[in-house]
Amino acid sequence: MQTSEPSTASPLKLETGLDSNTDGFDRHEPPEQSLIDACVHCGFCLTTCPSYRVIGKETDSPRGRIYLMDAINKGEADLTEAAVSHFDSCLGCLACTTACPSGVQYDRLIDSVRSQVNRNHPRSLPARALRGLIFSLFPYPDRIRLLLSPLALYQWLGVSKLVRSTGLLDRWSPQLAAMESILPTVTPQCFQDNLPETVPAQEPKRYRVGMILGCVQRVFFSNVNEATARVLSANGCEVVIPKSQGCCSALPSHQGETDQAQALARQMIDSFADTEVDYIIINAAGCGHTLKDYGHILKDDPDYRERGIAFSNKVRDVQEFLAEVGLSAKLSALSDQPLKLVYKDACHLRHGQGITQPPRQLLQQIPGVTLTEPMDAALCCGSAGVYNMLQPDVANELGQMKATNLVNTGASLIASSNPGCALQIQKHLAQQGQTVPLMHPIELLDRSIAGEQLE
Ligand code: SF4
Ligand code: SF4
């Protein structure tokens, strides 16, 4: 696949499937025409778009998709299989919103379109089965945990290695093979939550904060959650961790599963209802972006709309929060030697929340650390929630590029703030035979505060 120069093709020349007889959008929240009209078709967003970068077609760029939305809204095109494939190829990375000089709210547009596609486009049986599996499993830690024992056995008996080396699953279902390829190693820590409901602050106490555990993060990256609680505590925060909390709704929300997203958002708001916290802290980029958007997700719910806005106003990414309030804990060097790190931006931090400097500022406060920047730092790694499972070809190409760019910095460690990005990068590092370790920035701060050196 190749990248072509940004095209100025007329919308009439786009491959929209105009000859089909299938219907367009329904009348429940089609993409807002005023948001579509804000696009002046300048094309500045094209080179920042990962799907355009890999596929190389206008129809798989932000501008092309906006043309397509416009045509469907006006009844000039239908929601055909071809049209849906162009919407599906979007990673939702939001790089186009950062690049757009006209302030086009592409995130709102694609959110509307995804819900429309879910309601109005019948997907194939295998596609429905895969999506059903993803949305009935991943947002529910208890259900993931039911599968841990067979998964541990599968890994322990070496079946996983066999499946990967023979490529059999890949030939049968590339999507299931992609899911299998990023499966983290099941450890004893995965089976239960190890944090108490309250972690006391180390004196002097400065804040009382709530902490979100996530769903995949909670099961497979409990070490990151534990490090987060320790770092917050060491910096004067009493940490409240309600046991009743579930998924933040990021996964269904980003895929247009509106009813499920709203139900999960309400449950999250209820979980923190009586906690009286100053802030609500999250350590995963994709979740943070959604948690800050509850006012919009629940905009049609009179009972929860205002509560959603109040909740979101308290949400902070942990790095954003620590950089804002300042570290009070003392940091020590992680190595006797100077340590060269590369920070890998997560799209939902960089583009979704505009958070680029706080993680870098915090890492640079660790004695002996120097930071380096990779080529194409703003380009998505291809993880994008469940995109790497649904669209493995494009995701693999982006993952390979990102892993190569990170390795080429010569850094001895990669810092990344999102579990999905971590799994994607680790997969592609392994495929390239690279052994550069990857950690969440909060784990590095935790080690530094504890005075522990990296092995
Ligand atoms: S969200 Fe990302 S993948 Fe989708 S159009 Fe924008 S830049 Fe391209
Ligand atoms: S979305 Fe923004 S940057 Fe992209 S073509 Fe439209 S106006 Fe230009």
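Residues numbered from 1 in each chain as written. Chains lettered and ligands numbered in written order. Predicted model: local features only at pLDDT ≥ 70, side-chain atom pairs only at ≥ 80, totals over all residues.

Caption draft 1: Structural view of the overall build of the protein. Helix and strand content of the protein: 26 helices and 9 strands. Here the C-alpha atoms of the protein give a radius of gyration of 22 Å, agreeing with the 23 Å that 2.2 N^0.38 yields for 455 residues. Dimensions of the protein along its principal axes, counting C-alpha atoms only, are 65 × 55 × 45 Å. With 455 residues in all, the protein has 47% of them scored as buried. (Helix = DSSP H or I, 4+ residues; strand = E, 2+ residues; numbered from the N terminus. Rg over C-alpha atoms; globule rule 2.2 N^0.38 Å. Buried ≥ 20, exposed ≤ 12 C-beta atoms within 10 Å, placed from the backbone.)

Caption draft 2: Main features of the site of ligand 1. Neighbouring ligand 1 are 14 residues, the closest being Cys49, Pro62, Cys90, Cys93 and Cys96. Those elements that place two or more of their residues in the shell around ligand 1 are helix 2 (50–55), helix 3 (62–73) and helix 5 (95–99). Taken together, the residues of the shell around ligand 1 sort by class into 10 nonpolar, 3 polar and 1 charged. (Near = placed C-beta within 6 Å. Nonpolar A, V, L, I, M, F, W, Y, C, P; charged D, E, K, R; others polar.)

Caption draft 3: Region of the structure containing the sheet that holds strand 5 (residues 315–317). Spatially, 1-3-2-4-5 is the arrangement adopted by the 5 strands of the open sheet, whose pairing is mixed. Looking at which strands have only one partner, the edges of the open sheet turn out to be strand 1 (198–199) and strand 5. As paired strands, strand 4 (residues 279–282) and strand 5 are joined by 3 bridges and run parallel to one another. If you follow Ile281 over to strand 5, its bridge partner there is Arg316. Along the sheet face, helix 14 (residues 222–234) touches strand 1, strand 2 (207–211), strand 3 (237–240) and strand 4 and points at about 145 degrees away from the line of strand 3. (Pairing = 2+ DSSP bridges. Contact = placed C-beta atoms within 7 Å. Axes fitted to C-alpha atoms, helices over the stretch in contact; angles between N-to-C directions.)

Caption draft 4: Looking closely at the environment of Gly64. Along the polypeptide, Gly64 turns up in helix 3. Sequence spacing of Gly64 and His41 is 23 residues, and the spatial spacing of their C-alpha atoms is 8.9 Å.

Caption draft 5: Expanded view of unusual backbone geometry. The omega torsion of the bond from Glu203 to Pro204 falls at -5 degrees, within 30 degrees of zero and hence cis. Even without a glycine there, the phi angle at His41 is positive, about 60 degrees. Looking at where His41 falls in the secondary structure, it is placed in the loop between helix 1 (33–37) and helix 2. Phi is positive for Glu276, which is not a glycine, with a value near 50 degrees. Secondary-structure assignment places Glu276 in the loop between helix 16 (258–271) and strand 4. The exposure class of Glu276 is exposed, given the 9 C-beta atoms found within 10 Å.

Caption draft 6: Representation of the pairing of strand 6 (residues 339–344) in the model. Of all 6 residues in strand 6, 5 are buried; the element is thus mostly enclosed. Bridge count for strand 6 against strand 8 (residues 413–416) is 4 bridges, and the pairing is parallel. Within the sheet, the bridge partner assigned to Leu341 lies in strand 8 and is Leu413.

Caption draft 7: Structural view of the domain arrangement of the protein. For the protein, the domain assignment lists domain 1 (11–120), domain 2 (125–187), domain 3 (193–325) and domain 4 (339–450). In this assembly, 6 residues from domain 1 lie in contact with 5 residues from domain 3. Its residues placed into classes, the side of domain 1 that touches domain 3 shows 1 nonpolar, 3 polar and 2 charged. (Domains from an automatic or database assignment.)

Caption draft 8: Expanded view of the site of ligand 2. Close to ligand 2 lie 14 residues, the nearest being Cys39, Cys42, Cys45, Arg63 and Cys100. Looking at the shell around ligand 2, the elements that each hand over two or more residues are helix 3 and helix 5.

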